[in-house]
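# A structural walkthrough
Each chain, letter by letter, is given below.
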Amino acid sequence: MNAAPADQIRLLDVQALDTRLSQLAHKRRSLPEHAEIESLTKDLTQLRDLLVAAQTEESDCAREQKKAEQDVDQVRQRAVRDQQRLDSGAITSPKDLENLQREIVSLSKRQGDLEDVVLEVMERRESAQERVNELTERVSSVQAKVDDATARRDRAQDELDAEAAAVAKERELVAGSVPADLMKLYEKIRGQQGGVGAARLYQRRCEGCHIELNITEVNDVRSAPADSVLRCENCRRILVRTSESGL
C-alpha cells in the first residue's frame, strides 16, 4: 500500500487521539469514587439489614409488652372484684371466705410476677429502640457519604465525557483527511494490537513495540519509497517515518 508521507503523519495524529480516548475511557472506569461507592454501598446494605433486624426486635417487644400488660390488667381486675366481694360481706361461709382470701393472695403474687415480666420486656424494648436510633443515624451518615461520592463521581464523569467528546470530534476531522484504505488498514491493526495501529519510527526504534530495528531492517526502510506504507517486522504495526527516524 502507498500513501503520501503527509497522510501517514496524520495517521500518527489519529493514533494520538485514539490513545487519548482510550486513556479517558480508562480513567472514567478507574475513578476512585467507583471503589468508594461500592465499599460504602456494601456498608450501607449491612447497616440496613441490621436496622431491619433491630426494628423487628423492637416491634416484637412492643407486642410482647402489650400482651404482658393486658395479662397484668386482667389479673388486677379480677383481684379488685374479689376484694370487693370480700369487703361487701355478702360471703358468710367461712370456707368460701378462706378460698376467696387465698385467691386474692394468689392473684397478688401472679400480678407481681407479670409486672416483673412487663419490666423485663420494657427494658428489652428500650434497648432495641436505642439500637434502632443508633442504626438509623449510621444509615443516614453512610447514605450521605454515598450521595457525596456519587455526586463527585458524576461530576468527574461529566468532565471526562466532555473532553472525550471534544477529542472524538477532532479525531473525526483528522481521520477524515486520511485516505480510506489507509484508515481501514489502521483500524484493522489497531483492533489486533491493543488499540495501537500506527507507530512512529524514532531513532531507529518502533514506538509501538519499542524494539530497535536491526541493520537489515534499517536498510530496507531507507531504500523504501517515501510513499510506501511500512510495517514493523516485530509488531506488524504501521511504521511511520519522520525526520527523527534516525535514518
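To be clear, the structure that these remarks concern was listed above.
My aim in this report is to walk through the structure given alongside it, one point at a time. What you are looking at is a predicted structure, and each value in this text was computed from that prediction instead of being measured.

## Considerations on the pattern of salt bridges
This model, assessed by the stated rule, comprises 25 salt bridges. The partner of Asp-18 in a salt bridge is Arg-190, with the nearest N and O atoms 3.4 Å apart. Taken together, the positions of Asp-18 in helix H1 (residues 5-29) and Arg-190 in helix H4 (residues 180-192) put the pair 172 residues apart, joining distant regions of the chain. Taking the relative accessible area as the measure of exposure, Asp-18 reaches 4% and is therefore buried. The exposure class assigned to Arg-190 is partly exposed, which follows from its relative accessible area of 21%. Ionic pairing is found between Arg-152 and Glu-36, a salt bridge with its closest N-O pair at 2.9 Å. Of this pair, Arg-152 sits in helix H3 (residues 94-176) while Glu-36 sits in helix H2 (residues 32-88), and the two are 116 residues apart along the sequence. Accessibility expressed as a relative area gives 30% for Glu-36, which makes it partly exposed. Within the structure, one salt-bridge network assembled from shared partners comprises Asp-18, Arg-171, Glu-187 and Arg-190.

## Points about unusual backbone geometry
A positive phi angle, close to 50 degrees, is found at Gln-203, a residue other than glycine. Since its relative accessible area comes to 46%, Gln-203 is described here as partly exposed. Despite not being glycine, His-210 has its phi angle at roughly 65 degrees, a positive value. Within the secondary structure, His-210 is located in the loop between strand E2 (205-206) and helix H5 (215-223). Taking relative accessible area as the criterion, His-210 reaches 53% and is therefore assigned exposed.

## Focus on the sheet that holds strand E3 (residues 230-231)
Taking strand neighbours across the sheet as the criterion, the four strands line up as E2-E1-E4-E3 in an open arrangement whose pairing is mixed. In the strand order of this sheet, the two ends are held by E2 and E3, each with one partner. By the bridge criterion, four bridges tie strand E1 (residues 198-202) to strand E4 (residues 238-241) in an arrangement that is parallel. The partner of Ala-198 across the bridge, within E4, is Ile-238. Helix-sheet contacts for H1 involve E1 and E4, and the interaxial angle to E4 is about 120 degrees. Relative to the sheet, H4 contacts E1, E3 and E4, its axis offset from that of E4 by approximately 125 degrees.

## Quick word on the side chain of Gln-15
Within the secondary structure layout, Gln-15 lies in helix H1. When neighbours within four sequence positions are excluded, Gln-15 is seen to be in contact with Tyr-186, Arg-190, Gly-195, Val-196, Gly-197 and Ala-198.

## Remarks on H2
The first and last C-alpha atoms of H2 sit 83 Å apart over 57 residues, in line with the 84 Å expected at 1.5 Å per residue. Taken from the residues just after H2, Gly-89 is the one with a positive phi, measuring 80 degrees.

About the cut-offs
- Residues numbered from 1 in each chain as written.
- Predicted model: local features only at pLDDT ≥ 70, side-chain atom pairs only at ≥ 80, totals over all residues.
- Heavy atoms only, no water.
- Salt bridge = Lys/Arg side-chain N within 4 Å of Asp/Glu carboxyl O.
- Helix = DSSP H or I, 4+ residues; strand = E, 2+ residues; numbered from the N terminus.
- Buried < 20%, exposed > 50% of the residue type's maximum accessible area, 1.4 Å probe, protein only.
- Pairing = 2+ DSSP bridges.
- Contact = heavy atoms within 4.5 Å.
- Axes fitted to C-alpha atoms, helices over the stretch in contact; angles between N-to-C directions.
- Expected span 1.5 Å × (residues − 1).

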